[in-house]
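Geometric and topological summary
One-letter residues, chain by chain:
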Amino acid sequence: MEKEKKMKKLIALAIALLFVIPAFAMADDKVSVSGTYYLRYYDAENYSDLNDDLDDEMNYFKSRFRLATTIKPADDVKAYFRFDLQEGRWGDQFNNTIGAWQRTGGTATNFHVDYAWVEVDKEMWKVRVGWQYVGFGLGLTEFGNQAIRFTFKTPVIIDLYYAKTSEGASISDEGKANEDEDFYALNLSYKADGFQIDGFYAMVDNSATDFEQSLFGIYGTASFGMIDFLGQLEILDGELGTTDYVGTQLVLQGKANVTEQIMVGLQILYAEGSDDANEVVINEIAGCDLWSFRPLSYGLMETWDVEPVDPFSIAPNAGMQAVQLIADFQATDDLLFQAALAYAQPEEDKMTALDSAMIFNVSFTYTFATNAKVGLHYNLMMPDMDSTYVGPDDDASALMGAFTLKF
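Residues with a pLDDT of 70 or more make up 86% of the protein chain, whose mean pLDDT is 86. Predicted confidence in the protein chain is weakest over strand β4 (residues 98-100), with a mean pLDDT of 44, and strongest over strand β14 (residues 262-271), with 97.

Turning next to a negative patch on the surface. A cluster of acidic residues, E45, D52, D53, D55, E57, D349, D355, D384, D393 and D395, forms a negative patch on the protein surface. Looking at the element boundaries, D349 is found in the loop between β17 (335-345) and β18 (354-369).

With respect to the helices and strands, the residue T365 is situated in strand β18. Relative accessible area serves as the criterion here: at 10%, T365 is assigned to the buried category. Not counting chain neighbours up to four residues away, the residues in contact with T365 comprise L300, D334, L335, L336, K373, V374 and G375.

As a further point, take the environment of D355. Position of D355 among the secondary structure elements: in strand β18. Residue D355 is classed as partly exposed on the basis of its relative accessible area, which comes to 35%. For the pair formed by D355 and D384, sequence separation is 29 residues and the distance between their alpha carbons is 5.6 Å. Excluding residues that lie within four positions of it along the chain, D355 makes contacts with Q345, P346, D384, M385 and D386.

Here T352 shows up in the loop between β17 and β18. You can call T352 buried: its relative accessible area is 15%. Reaching out from T352, the side chain makes a polar contact with the backbone nitrogen of L354 at a distance of 3.1 Å. Apart from residues no more than four positions distant in its own chain, T352 is found in contact with A315, A318, P346 and D386.

Two faces belong to every sheet, and in a regular strand the side chains alternate between them. In the sheet, strand β2 (residues 58-74) pairs with strand β3 (residues 77-89) via ten bridges, with the strands oriented antiparallel. Across the sheet, residue F65 finds its bridge partner in β3, namely L85. Taking the residues that link successive antiparallel strands as the turn, the β2-β3 hairpin has two residues.

Now for the packing of aromatic side chains. Under the defined criterion, the tally for this structure stands at 17 aromatic pairs. Relative to F61, the ring of Y41 has its centre 5.2 Å away and its plane inclined at 50°; by these criteria the two rings are tilted. Of this pair, Y41 sits in strand β1 (residues 31-45) while F61 sits in strand β2, placing them 20 residues apart in sequence. Classification of Y41 by relative accessible area gives partly exposed; the value is 24%. With a relative accessible area of 35%, F61 lands in the partly exposed category. Ring plane angle 40° and centroid distance 6.2 Å describe the contact between F368 and F403, whose orientation is recorded as tilted.

The rules behind these values
- Residues numbered from 1 in each chain as written.
- Predicted model: local features only at pLDDT ≥ 70, side-chain atom pairs only at ≥ 80, totals over all residues.
- Heavy atoms only, no water.
- pLDDT = per-residue confidence, 0-100.
- Helix = DSSP H or I, 4+ residues; strand = E, 2+ residues; numbered from the N terminus.
- Patch = residues over 30% accessible without salt bridge, like charges linked within 9 Å, V, L, I, M, F, W, Y side chains within 5 Å.
- Areas by Shrake-Rupley, 256 points an atom, 1.4 Å probe, with all protein chains shown as cover.
- Salt bridge = Lys/Arg side-chain N within 4 Å of Asp/Glu carboxyl O.
- Lys, Arg positive; Asp, Glu negative; His and termini not counted.
- Charge placed at Lys NZ, Arg CZ, Asp CG, Glu CD.
- Buried < 20%, exposed > 50% of the residue type's maximum accessible area, 1.4 Å probe, protein only.
- Contact = heavy atoms within 4.5 Å.
- Polar contact = N/O pair within 3.5 Å; in protein donor to acceptor, adjacent residues only side chain to side chain.
- Pairing = 2+ DSSP bridges.
- Phe/Tyr/Trp six-rings, centres within 6.5 Å; stacked < 30°, edge-to-face > 60°.

Printed below as a string of structure tokens:
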């Protein structure tokens, strides 16, 4: 009975956030509201087993309503929160769960909070406190958590982060099992005309288990006439008992704006692999990855929604080496075509029977009303197994569609 009362209160709060805040925003220019809605359609097969002989076709709809509110009572003070409504597959995933943002493992929620933070922004410094985004460069490592972020506005922008990611078995620190897990990070960023470079360091330290992971990285962009360059390098490290955590990731990208309508580009992708029994290859620290950057899903849709696979790890400890050609064609102001062709192979081929794969993406996006778009995306993945492999190796493919409205 008590649980039911709490649920009703939470539902009432959700209704208030959904209707009262937007109404308040209409009456006060210190409050602004924005959001997005998407409906996606997936028709896919063979991603889980690469076998034409098995009936494994997936056919479903997925939607999400996202609402964000910014409150700015003064020039130097701001509050922000964002939440999602009805996110999940139609007729399958929805339940009545209400809670904070979390990696739900596929469980959908009627209502959950993504971010909720407040900020004081002065001339030479800024501080942001609360549930916020923490990420570096392209977002190869990123997460949402309760955190404190200090920003110092020198010619080189300095960002300092702290988050307590776990209180251990208790809020008391007496006894090793009650020790905490903490996150620390530093990001340095310098920008000039047509140029940016960031250097960053982050670590997670769990005193209860003596678990530690860290990363050092460099991110940069540069523009030279019609050509834009982008690159990021991350080196990861850590340990837990006799296990050593290792990892190196590299992304290089060049884009050439051949005309006002045509862009062609090249991406080079690398992730370390290892066949050492005492090493575990990681691609982020403490599992912190919101997957903002999914290089092998270029175009309208994120192909890996069909079969979640880390694009930087074909199999555990296998790593990846890949090269991908990308292209955009802006046929009209409202019609965009995109395509990509990639060749990928494991960096350490002893860790998987997959020898290589060709990945093809093509999509179009049509803007048919103000901030409203529809489109289709086709993905084809063609695996090539090594000579020792016995089993199916058929192509996987998906036809996907999307409707998106921003407001």
